[in-house]
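Summary of structural features
For reference, the chains in residue letters:
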Protein chains: 2
Amino acid sequence: MYERKIPENLECGVNITAKVLGGKWKACILHGIGLGTRRPADLHRAIPEAPARVVNLHLRELEEYGIICKKIYPGFPLKVEYFLTALGESILPIVEAMDRWGNENRAAINLVSPAPMEANQDLMPEMR
Amino acid sequence: MYERKIPENLECGVNITAKVLGGKWKACILHGIGLGTRRPADLHRAIPEAPARVVNLHLRELEEYGIICKKIYPGFPLKVEYFLTALGESILPIVEAMDRWGNENRAAINLVSPAPMEANQDLMPEMR
DNA sequence: CGGCATCCCACTGGATACTG
DNA sequence: CAGTATCCAGTGGGATGCCG
């Protein structure tokens, strides 16, 4: 509003990274690109729960941060590919560590929220 | 509200971790606890930009996830300490990697946002 | 295929004040 | 010191639809 929101403390390295990876699907997107899913349509297919618009917003942000770069191949239909920059490659290990940790601890974490009155009736939600 | 929001795709490990570390200050808080900042008041002092209430909310969430545990020492004034659980210890490397990456790349990233019309008048905001 | 433009609401998190 | 209750603004991100 006034000046600019600048910021939450960026002295702390954690916050910088948190900001870069912040946003519901950014880490996931990077993971995908890291695995070779470069074309938008493929990314969308890889993360169907994320609306294309949102993925695009994240992509633009990542681009601004210099994490990925976009390559456009003229022609029709249009072809686009996103690549990790050197910076992007450098953050990838973190994303991969997140993937590993998440997979290893999926069962250990109670992500299904507070459960109003204890007794988590279901630790194996279908999650569609 | 209704059922519960459950979720965004948790098949992907990345999303699980992203959820655990999600929230403006969670990673930062974990980093602090990992460094030995166990008492609430100290945490608040370590992250002055974060309202105490918010830090508390995050702490509760982390507790629910089983990342940290809370120890209360009766007496007056009340004394409380938060510790990393085994699960918490296991995620710490990621947080530390984030800290390292952030510090190493602080200069390389354009976090100050799009900059409406270039020329960031002030790169050294007082931040209150 | 790739990507804006709109519309809109749930949720996050900031300020403040109060209780144990 | 530790933590909760209120109140409220900003915004992230979901749904839809249109354009190149």
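Above this text you will find the structure in question.
Throughout what follows, the structure given in this document is the object of discussion. (Residues numbered from 1 in each chain as written. Chains lettered and ligands numbered in written order. Predicted model: local features only at pLDDT ≥ 70, side-chain atom pairs only at ≥ 80, totals over all residues. Heavy atoms only, no water.)

1. Considerations on the environment of Arg45(A)
All names here are of chain A. Positionally, Arg45 belongs in helix α3 (residues 40-46). For Arg45, a relative accessible area of 59% translates into the label exposed. Separated by 30 residues in the primary sequence, Arg45 and Asn15 place their C-alpha atoms 30 Å from one another. (Helix = DSSP H or I, 4+ residues; strand = E, 2+ residues; numbered from the N terminus. Buried < 20%, exposed > 50% of the residue type's maximum accessible area, 1.4 Å probe, protein only.)

2. Quick look at the pattern of salt bridges
All names here are of chain B. Taken as a whole, this structure holds 6 salt bridges over all chains when the rule is applied. Between Lys26 and Glu61 there is a salt bridge, with its nearest N and O atoms 3.1 Å apart. Highlighted residues: Lys26 in helix α2 (residues 26-34) and Glu61 in helix α4 (residues 52-65), separated in sequence by 35 residues. The exposure class assigned to Glu61 is partly exposed, which follows from its relative accessible area of 27%. Of the charged contacts, one joins Glu64 and Arg60 as a salt bridge, the two residues approaching to 3.6 Å between their closest N and O atoms. A residue pair is termed a helical-turn pair when its members lie 3 or 4 positions apart in one helix, as Glu64 and Arg60 do in helix α4 at 4 residues. (Salt bridge = Lys/Arg side-chain N within 4 Å of Asp/Glu carboxyl O.)

3. Details of the pairing of strand β1 (residues 68-73) of chain A
Residues and elements named next belong to chain A. Bridging between β1 and strand β2 (residues 79-84) involves 6 bridges; their strand directions are antiparallel. Considered in β2, the bridge of Lys71 is made with Glu81. Between β1 and β2, which pair antiparallel in sequence order, lie 5 residues; one of them, Gly75, sits at a positive phi of approximately 125°. (Pairing = 2+ DSSP bridges.)

4. A few points about the interface of chain A and chain B
Taken together, the contact pairs 46 residues of chain A with 46 residues of chain B. Taking both partners together, chain A and chain B bury about 4,100 Å²; carbon and sulfur atoms supply 70% of that area. Three residues stand out in chain A for area buried against chain B, namely Val14(A), Trp101(A) and Leu111(A), and they jointly supply 17% of the buried area on that side. Scanning the region where chain A abuts chain B turns up 0 salt bridges. Our count for the chain A to chain B interface comes out at 16 residue pairs in polar contact (both at pLDDT 80 or more). (Contact = heavy atoms within 4.5 Å. Buried area = accessible area lost by both parts, 1.4 Å probe. Polar contact = N/O pair within 3.5 Å; in protein donor to acceptor, adjacent residues only side chain to side chain.)

5. Focus on the side chain of Asp99(B)
Mapped onto the elements of the fold, Asp99(B) is located in helix α5 (residues 86-105). Buried charge without a salt bridge: Asp99(B), with Arg106(B) as the nearest opposite-charge side chain at an N-O distance of 6.5 Å. In contact with Asp99(B), not counting residues within four places along its chain, are Cys12(A), Gly13(A), Val14(A) and His31(B). (Lys, Arg positive; Asp, Glu negative; His and termini not counted.)

6. Brief notes about the protein's contact with DNA strand D
Of all residues adjacent to DNA strand D, which total 19 residues, the nearest are Lys24(A), Trp25(A), Arg53(A), Ala41(B) and Lys70(B). Of everything in DNA strand D that lies within 4 Å of the protein, sugar and phosphate atoms constitute 64%. One of the side-chain nitrogen or oxygen atoms of Trp25(A) is found 3.0 Å away from a phosphate oxygen of DNA strand D. Between DNA strand D and the protein, one listed contact pairs a phosphate oxygen with a backbone N or O atom of Ala41(B) at 2.8 Å. Those elements that provide at least two residues to the surface near DNA strand D are α4 (52-64) of chain A together with α3 (40-46), α4 and β2 (79-84) of chain B. For the surface near DNA strand D, the per-class residue count stands at 10 nonpolar, 3 polar and 6 charged. (Near = heavy atom within 4 Å. Nonpolar A, V, L, I, M, F, W, Y, C, P; charged D, E, K, R; others polar.)

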